[in-house]
Structures are given as C-alpha cells and as structure tokens.
Amino acid sequence: MRQRYYFVLHVARFLLLIQSLFFITACRRNKPEPPPPPKKEIPLVIHSFTPNQGIPGDTVLIVGSGFGNAVNGIGLSFNGAGALIVTVADSIIKTVVPAGATTGKISVGVARSGATSLNNFIILSYVSTLAGGGPPPHADGTGSAAAFDSPTDLVLDTAGNMYVLDSRNYRIRKVTPQGVVTTLAGSGLIGYRDGAGTAASFTFMSGIAIDKLNSFLYVADLGNNVIRKVSLTGLVSTHAGSGSGGGHADGPANTALFYQPAGVAVDDLNNVYVADAGNNYIRMISPMGIVSTVAGDTRSGYANGTGNTARFNHPTKVKVAPS
C-alpha cells in the first residue's frame, strides 16, 4: 500500500514537471519579437564634384551621400539654374551643366532635405555660333544653314529673339534663341521703299534699336538718310527724314533732314536718339514726330559742353543711360 502511494506521488510530480515545461515553452512561443532597430538615416551631403569647371553641356559627377536612387525624386541646380540628372545612385549623381548657368554653388534637394557644395563650379567663358556660316550671300535656315553678308548691328527683344541688320543683303533678319533665321523685312535689292516684309527696300543700314514695349524696331538707314520704323511683324515705314540727298533740318519728321544717320537708341519715353554722323550731331525724334538737335555743331571736332558748344567727329553710335 505504501509503495503504491509513493508510485502515485512520483507520477504526479512527473506530470506536474511536464506541465510546467509545456507552459514555459508556450509562453516563450507567444512572446512578441522585439522591434528591429531603427534604420540609420543617411545625411544628404555633397562631398565633391568633378570636373570643377566647364561650359553648358559638359557632364559633371557629384559625389556625396543620401541621394537615393530615383532620378525624379531629386532637384539639382548650378547657382540656381536647374540641371538635368542623367543617373543617380546613393552616392553619385551624373548631371549636365545647364544652359544659362553661372559660376556658383551646386545644390541638391531630396524630399525635405537640401545640400549645397562648399566650392563653386566655375563656368568658363566660351564662344559658340548661333547662326550663320552657310553659303553666301543669303539663306534663311537653322544654325549654320543660314547665311548673312556683312551684318552691321543687332538688338534683342525680351523673348530673346535677335534682329540683325544684314547690310549687304539689304534685309533685316530675325534669329530665334534656337538659331532659326528668317527674313523680317527687305527685298534684298538696294532702294528706298516702305511696305510689308519683302516689299520694303533699304540701302545701307547701320544701327538698330527696339522700344521699351518691344513693339517696334528703329533703323538708321544711312544710305537713304532716314530713320525707318519696323514692326515685329515686318511692316516698314519712314519714321523721320525726307529721304532726299541729305542735310540738316529740324522740325516735323517728314520734312526733317539727316545726313548719313548711323546709330539709334530709344529711351523709356519713346524718344528716339540719332547719331547723325554726316552732320556731326546728336538728334532726337520725339514721340510726337518732332526732330530736334540735342548736341553738336556742323564743324567736326572734340569738345565737351552743352548743346552746340559740344563737338563730335562723325558719331556712329548712341546709347541711352538707364533711368
């Protein structure tokens, strides 16, 4: 009887031990896994770039950290000029120097972070051909397919279009920022005739200016002794001068006389100033069409002073100081 009692007691203890082990194992299995350690954030930094100088269109490699791998997720600029990103990895960006870039810092932006280089990227001076070089004497076209013959002056409008006096082709040419060349006005034949586009004729054009509103061009038609007015659509009219053999006379625009007017400029009030080379004068045409003499004397020479006490010797250019 006693032996049986001890046997039952041992079995009970054994079962209790098994149950305890099972409970401990189950608790361990149900215990939640600890959270993974937070990923270490990689700072956005520009360490270096190569080359450290160049011109628009050159390829640049930027070395740093925190760039990510998505081209669309990054903003990059050279001194404020936005640049194209070719490829990107966490530590290297391949980019191209943008047109219009100037010497300054390189900046990178990713999400809400930004980084700027310690050193400047230096833009080198360079010369490129926008248009011209085609077979002479005259050809419209793009870039080197276009041709000019002895261009004498040019002016830019606010959209970046260039207007060129193509003197020996007797035409005014328009050149877009992309280098596309067209003929704005002029028949290509020497003469004096107002009209639209190629119906107009010029003799020898020496100076050109544009008004503040970018509405009209003013052209010194030296060979015809007149100042011509040209709309940006190519309509040509005579702004001042009688078109005679030349001389000096102030007064209403259609009776005024010039002699070899060579340069023009326009102020903010739309007064047109003329370097009247053959007369050794600086003349002014008011918005009301009245021509007056600002300074100079018929006798050539060099003298500072006011009005007719000043002397010029065949002035060919005139500029208006910013107001």
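Generally speaking, soluble globular proteins have nonpolar side chains that are buried together. Counting 22 residues, the largest nonpolar core has Ile62, Leu76, Phe78, Ile93 and Val108 as the members making the most contacts within it. Mapped by element, the contributors of at least two residues to this core are β1 (45-50), β3 (59-65), β4 (74-78), β6 (84-88), β8 (104-110) and β9 (113-123). Look past the residues within four positions of Ile62 in its chain and what remains in contact with it is Ile46, Ser48, Phe49, Phe67, Leu76, Ser91, Ile92, Ile93, Thr95 and Ile106. Counting residues in each nonpolar core, the second largest holds 15 residues, with Met205, Ile208, Val219 and Val230 among its members.

So, on to the pattern of salt bridges. Applying the stated criterion across every chain yields a total of eight salt bridges. Two residues, Asp166 and Arg173, come together in a salt bridge whose shortest N-O distance is 2.6 Å. Exposure remark for Asp166: the relative accessible area of 0% places this residue in the buried category. Its salt-bridge partner being Asp297, residue Arg299 comes within 2.9 Å of it at the nearest N-O pair. When salt bridges with common partners are traced through the structure, they connect Asp140, Asp166 and Arg173 into a single cluster.

Before going further, it helps to examine empty space enclosed by the protein. Tallied over the full model, the rule gives one cavity of 30 Å³ or more. In this model, the largest cavity occupies a volume close to 40 Å³. Split by residue class, the lining of the largest cavity holds three nonpolar, two polar and three charged.

It is worth spelling out the packing of aromatic side chains at this point. Scanning all chains against the criterion turns up two aromatic pairs. The interplanar angle of 55° and the centroid separation of 6.1 Å between the aromatic rings of Phe49 and Phe121 together place this pair among those described as tilted. Placement of Phe49 in strand β1 and of Phe121 in strand β9 is noted, with a sequence separation of 72 residues between them. Phe121 carries the same exposure label as Phe49, and that label is buried.

The rules behind each value
Residues numbered from 1 in each chain as written. Predicted model: local features only at pLDDT ≥ 70, side-chain atom pairs only at ≥ 80, totals over all residues. Heavy atoms only, no water. Core = buried A, V, L, I, M, F, W, Y, C linked by side-chain atoms within 4.5 Å. Buried < 20%, exposed > 50% of the residue type's maximum accessible area, 1.4 Å probe, protein only. Helix = DSSP H or I, 4+ residues; strand = E, 2+ residues; numbered from the N terminus. Contact = heavy atoms within 4.5 Å. Salt bridge = Lys/Arg side-chain N within 4 Å of Asp/Glu carboxyl O. 1 Å grid on protein atoms, 1.4 Å probe; cavity = no way out; pocket = protein on both sides within 12 Å on 5 of 7 lines; lining within 4 Å. Points joined across faces, edges and corners; volume = space filled by probe spheres on them. Nonpolar A, V, L, I, M, F, W, Y, C, P; charged D, E, K, R; others polar. Phe/Tyr/Trp six-rings, centres within 6.5 Å; stacked < 30°, edge-to-face > 60°.

All we've got here are geometric facts, nothing functional implied.
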